[in-house]
Amino acid sequence: MKFNRLIDGAGALVICATLWSTGGIFIKNIEWNALAIAGIRSLIAGTFMLLVTRCGIQFCVRDEKGHTDRMSTLFFWIAAVSYALTMILFVVANKLTTSANAILLQYTCPIYIILLAPVLTAEKNRASDYVTVLGVMLGIVLFFADGLESGNQLGNILAALSGLTYALSTIFMRRCKGHSGGAMVLSHLITALVCLPFVIQNGAPAVKSCLFLLLVGTVSIGFPSILYTIGIKKVRALTASFITMLEPLLNPVWVIIFAGEVPSSKTILGGFLILGFIMLRSIIQNRK
């Protein structure tokens, strides 16, 4: 795809995270069951990816001779299942615990990447990586400090698991030899099939909800999924997780614009800390 050659990895992930962040505003306008929303959202997103990229539905990775590459296929399926679990776990966690807890616990994924990436991808961590993780975690705690509540324990556990599955999907998207697009399409197919019973149970949504389902499926998930598969090929797994943290930072921006809710000083300080540490790491690691 020509777009792949026109944008670098970091740029693709910045746009991806920006579009991801619009999902909350769109979902607020959908009067439907959360798992049904997740299922139809993935169905629309997967279809959108197939139409735009023309990649087809893929179930295995083949080598140059057309033989199945078993190891790459294993990585391919782990990436797809991990991302599908991330989407499903996050939706369920949001129903059981507070939104702040769900987002905070999902974005612990850099910690898992710090621990797992050197083993699973041979990408070595640097001292600036560890400092950035500490700074980002502090920023996230401040960012959501005013909204943090104990929440339901099961919801908190599921949200923490979504952080782990998000980290695994990021790591294994890097490892499936340029087939991250196919893994992403497969993840949406898995999510749609798992959530299908909830779609049937809840019946057809209202016309307004259908419009916002289309928006969340294309603008918030479909196009960002394409951008994510471009970006993840070109940057380290840990770098990708840092850049996509723009998603929770930008959510309050849309809330300010469309709902008139102004964030607290702690939220603003936390946001600046996250962006500051990520920018500082970028400067340190890319200096001549």
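Keep in mind the model is a prediction, meaning the values are calculated, not measured.

1. Focus on the overall build of the protein
At step 1: The helix and strand tally for the protein stands at 14 helices and zero strands.
At step 2: Along the protein, helices (α) and strands (β) appear in the sequence α-α-α-α-α-α-α-α-α-α-α-α-α-α when read from the amino end.
At step 3: Each of the 288 residues in the protein was classed as buried or not, and the buried ones make up 51%.
At step 4: For the protein, contacts bridging at least 24 residues in sequence account for 88% of all contacts bridging at least 6.

2. Points about the packing of aromatic side chains
At step 1: As enumerated under the stated definition, the model contains four aromatic pairs in all.
At step 2: Considering the side-chain rings of F75 and F172, the 5.5 Å spacing of their centres and the 40° angle between planes classify their relative orientation as tilted. Here F75, found in helix α5 (residues 70-96), pairs with F172, found in helix α9 (residues 153-175); they are 97 residues apart in sequence, far enough to count as distant. Grouping residues by exposure puts F75 and F172 together as buried.
At step 3: Note on Y83 and Y228: the rings are 6.5 Å apart at their centroids and 20° apart in plane angle, and the pair reads as stacked. One end of the pair, Y83, is in helix α5; the other, Y228, is in helix α11 (residues 207-231), with 145 residues separating them in the sequence.
At step 4: Its relative accessible area of 1% is what places Y228 among the buried residues.
At step 5: Joined through ring pairs, the aromatic side chains of W20, Y83 and Y228 make up one cluster.

3. Quick word on the side chain of S82
At step 1: When you line up the elements, S82 lands in helix α5.
At step 2: Since its relative accessible area comes to 6%, S82 is described here as buried.

4. Points about the environment of V253
At step 1: By the secondary structure assignment, V253 is in helix α13 (residues 246-259).
At step 2: By relative accessible area, which is 34% here, V253 ends up partly exposed.
At step 3: Here the alpha-carbon distance between V253 and T22, two residues 231 residues apart in the chain, equals 9.6 Å.

5. Quick word on the packing of helix α2 (residues 9-20) against α11
At step 1: It is at 8 Å that the axes of α2 and α11 come closest, and there the two elements cross at 160°. Comparing the axis directions of α2 and α11 gives the class roughly antiparallel. For α2 against α11, the interelement crossing comes out left-handed. When α2 is examined against α11, the residues G9, A12, L13, I15, C16, L19 and W20 are found in contact with a partner set consisting of V219, S220, I221, F223, P224, L227, Y228, I230 and G231.
At step 2: For the contact of α2 with α11, the per-class residue count stands at 13 nonpolar, three polar and no charged.

6. Things to note about α2
At step 1: A rise of 1.5 Å per residue sets the reference length of α2, with its twelve residues, at 16 Å; its end C-alpha atoms lie 16 Å apart and thus fit the reference within 8%.
At step 2: By the burial criterion, the buried members of α2 are G9, A12, L13, C16, A17, L19 and W20. Projection of α2 onto a plane perpendicular to its axis shows the buried side chains occupying an angular sector of 160°, all on one side.

7. With respect to the side chain of R41
At step 1: Within the element layout of this structure, R41 appears in helix α4 (residues 34-53).
At step 2: Sequence-distant contacts of R41, defined by excluding residues within four places in its chain, comprise I27, M87, V91, V216, G217 and I221.

8. Let's talk about the nonpolar core
At step 1: Counting residues in each nonpolar core, the largest one holds 53 residues, and the members touching the most others are V136, I140, M173 and Y228.
At step 2: Once residues within four sequence positions are removed from consideration, I140 is found in contact with L104, Y107, M245 and I274.
At step 3: If you look at the next biggest cluster of nonpolar residues, it comprises eleven residues, including F26, W32, A36 and F212.

9. Description of the packing of α4 against α11
At step 1: Interaxial distance between α4 and α11 falls to 8 Å at its minimum, and their mutual angle equals 55°. Here α11 runs oblique to α4, going by the angle between their axes. The crossing of α4 and α11 is right-handed. Contact residues: α4 offers I37, I40, R41, I44, A45, F48, M49, V52 and T53, while α11 offers L213, L214, V216, G217, T218, I221, G222, F223, S225, I226 and T229.
At step 2: For the contact of α4 with α11, the class distribution of residues is 13 nonpolar, six polar and one charged.

10. What to know about the environment of P224
At step 1: Here P224 lies in helix α11.
At step 2: Here the alpha-carbon distance between P224 and M49, two residues 175 residues apart in the chain, equals 9.7 Å.
At step 3: With near-sequence residues (within four places) excluded, P224 lies in contact with C16, L19, W20, T218 and V219.

11. Describing α11
At step 1: Taking 1.5 Å per residue, 25 residues should reach 36 Å; α11 reaches 35 Å between its end C-alpha atoms and fits that length.
At step 2: Along α11, the sharpest change in direction is near 30° and occurs at S225.

Parameters and conventions
Residues numbered from 1 in each chain as written. Predicted model: local features only at pLDDT ≥ 70, side-chain atom pairs only at ≥ 80, totals over all residues. Heavy atoms only, no water. Helix = DSSP H or I, 4+ residues; strand = E, 2+ residues; numbered from the N terminus. Buried < 20%, exposed > 50% of the residue type's maximum accessible area, 1.4 Å probe, protein only. Contact = heavy atoms within 4.5 Å. Phe/Tyr/Trp six-rings, centres within 6.5 Å; stacked < 30°, edge-to-face > 60°. Axes fitted to C-alpha atoms, helices over the stretch in contact; angles between N-to-C directions. Parallel < 35°, antiparallel > 145°, perpendicular 65-115°, else oblique. Left-handed = near helix turned anticlockwise from the far one by under 90°. Nonpolar A, V, L, I, M, F, W, Y, C, P; charged D, E, K, R; others polar. Expected span 1.5 Å × (residues − 1). Arc of directions from axis to C-beta. Core = buried A, V, L, I, M, F, W, Y, C linked by side-chain atoms within 4.5 Å. Bend = angle between axes of the 7 residues up to and from the residue.

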